[in-house]
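# Coordinate analysis (summary)
Here is what each chain is made of, one letter per residue.
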Amino acid sequence: MYATQAGVLSDKLNYRQGKAESLRLIGLSYIKTDKPKALTYVQDALKIAEDINHAPTTIKCLFYIGDINTALGNDSIAIACFQKAIGFTDNPDIILDKTKCMFNLSKIYFKHDKNDLAIEGFTKAISTFEVLGELKLQSNTLNSLGILYALMNNNPKAIECFQKNLTIHESLSDTAGVFGSLNNIGNIYSSLGDLDKSF
């Protein structure tokens, strides 16, 4: 495994940033098969990254520790990780990963019916992903926000989100995405009894 070899080399050179990255990557290799083991590696990476004050690696580790804990049902730990990452001062090296943390944090708020916090986070993430040109991430966030608005019966806002998402999918020639957006819009009009617009 190249990440393991990189870790050994980092130890020989006392290159702690490289060691943190190698531990993080080893952790990611276990993320689908052994989440507790993945968590241990990424936590070890985080300790080094924080010790050397390397913000990009720190935020990447916080993202994956939060993500793993979410999957394990430890939402309070995940929230703490994502909030810590979001608290870093913006710079070009970390803004994308910070915004991913904001998106994941907002999904947890959504899950726990903290709708105002979820809307605030999703909205900020959509704006930042748009500025960064991250269309797929912007699309995913618009979809989540649209679903939240629909569940709140705020149909105009939900339709607005799904319409914007439709435009993105069309620009990407994403047929499945276009179908999903049209389906979401149609379902709302159908629920309103507006059958002409639902079909």
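One can find the structure itself at the top, above this paragraph.
Quick look at the structure, then. (Residues numbered from 1 in each chain as written. Predicted model: local features only at pLDDT ≥ 70, side-chain atom pairs only at ≥ 80, totals over all residues. Heavy atoms only, no water.)

### As for helix α6 (residues 95–111)
- If you check α6, its first and last C-alpha atoms are 24 Å apart, about what 17 residues at 1.5 Å a residue would give, namely 24 Å.
- With 12 of 17 residues buried, α6 is to be regarded as a mostly interior element.
- Buried residues of α6: Ile-95, Asp-97, Lys-98, Thr-99, Cys-101, Met-102, Phe-103, Asn-104, Leu-105, Ser-106, Ile-108 and Tyr-109, and no others.
- Buried residues along α6 sit in contact with α4 (55–71), α5 (75–86), α7 (115–132) and α8 (135–151).
- Asp-113 lies just past α6 and shows a positive phi near 60°. (Helix = DSSP H or I, 4+ residues; strand = E, 2+ residues; numbered from the N terminus. Expected span 1.5 Å × (residues − 1). Buried < 20%, exposed > 50% of the residue type's maximum accessible area, 1.4 Å probe, protein only. Contact = heavy atoms within 4.5 Å.)

### Quick look at the nonpolar core
- Counting residues in hydrophobic clusters, the biggest one holds 47 residues, and the most contacted among them are Ile-65, Phe-82, Cys-101, Phe-122, Leu-145 and Tyr-149.
- Take this core: its biggest share by element is seven residues, from α4.
- Setting aside anything within four residues of it in sequence, one finds Ile-65 in contact with Leu-39, Val-42, Gln-43, Leu-46 and Cys-81. (Core = buried A, V, L, I, M, F, W, Y, C linked by side-chain atoms within 4.5 Å.)

### A short note on the packing of helix α2 (residues 16–29) against α4
- At a closest axis distance of 11 Å, the pairing of α2 and α4 adopts a crossing angle of 20°. Taken as axis vectors, α2 and α4 run roughly parallel relative to one another. Of the two elements, α2 crosses α4, and the hand of that crossing is left-handed. Residues Ala-20, Glu-21, Arg-24 and Leu-28 of α2 form the contact with α4, whose participating residues are Thr-57, Lys-60, Cys-61 and Tyr-64. (Axes fitted to C-alpha atoms, helices over the stretch in contact; angles between N-to-C directions. Parallel < 35°, antiparallel > 145°, perpendicular 65-115°, else oblique. Left-handed = near helix turned anticlockwise from the far one by under 90°.)

### Looking at the layout of surface pockets
- Approximately 160 Å³ is the volume attributed to the largest pocket.
- Around the largest pocket, the lining residues are Thr-123, Ile-126, Glu-130, Gln-138, Leu-142, Leu-145, Tyr-149, Lys-157, Glu-160, Cys-161 and Lys-164.
- When contributions to the lining of the largest pocket are tallied by element, the ones reaching two or more residues are α7, α8 and α9 (155–171). (1 Å grid on protein atoms, 1.4 Å probe; cavity = no way out; pocket = protein on both sides within 12 Å on 5 of 7 lines; lining within 4 Å. Points joined across faces, edges and corners; volume = space filled by probe spheres on them.)

### As for the environment of Gln-83
- Locating Gln-83 in the fold gives a position in helix α5.
- Classification of Gln-83 as partly exposed rests on a relative accessible area of 42%.
- With near-sequence residues (within four places) excluded, Gln-83 lies in contact with Leu-105 and Tyr-109.

### Let's talk about unusual backbone geometry
- Residues other than glycine seldom take positive phi values, yet Asp-113 does so here, at roughly 60°.
- Inspection of the secondary structure assignment puts Asp-113 in the loop between α6 and α7.

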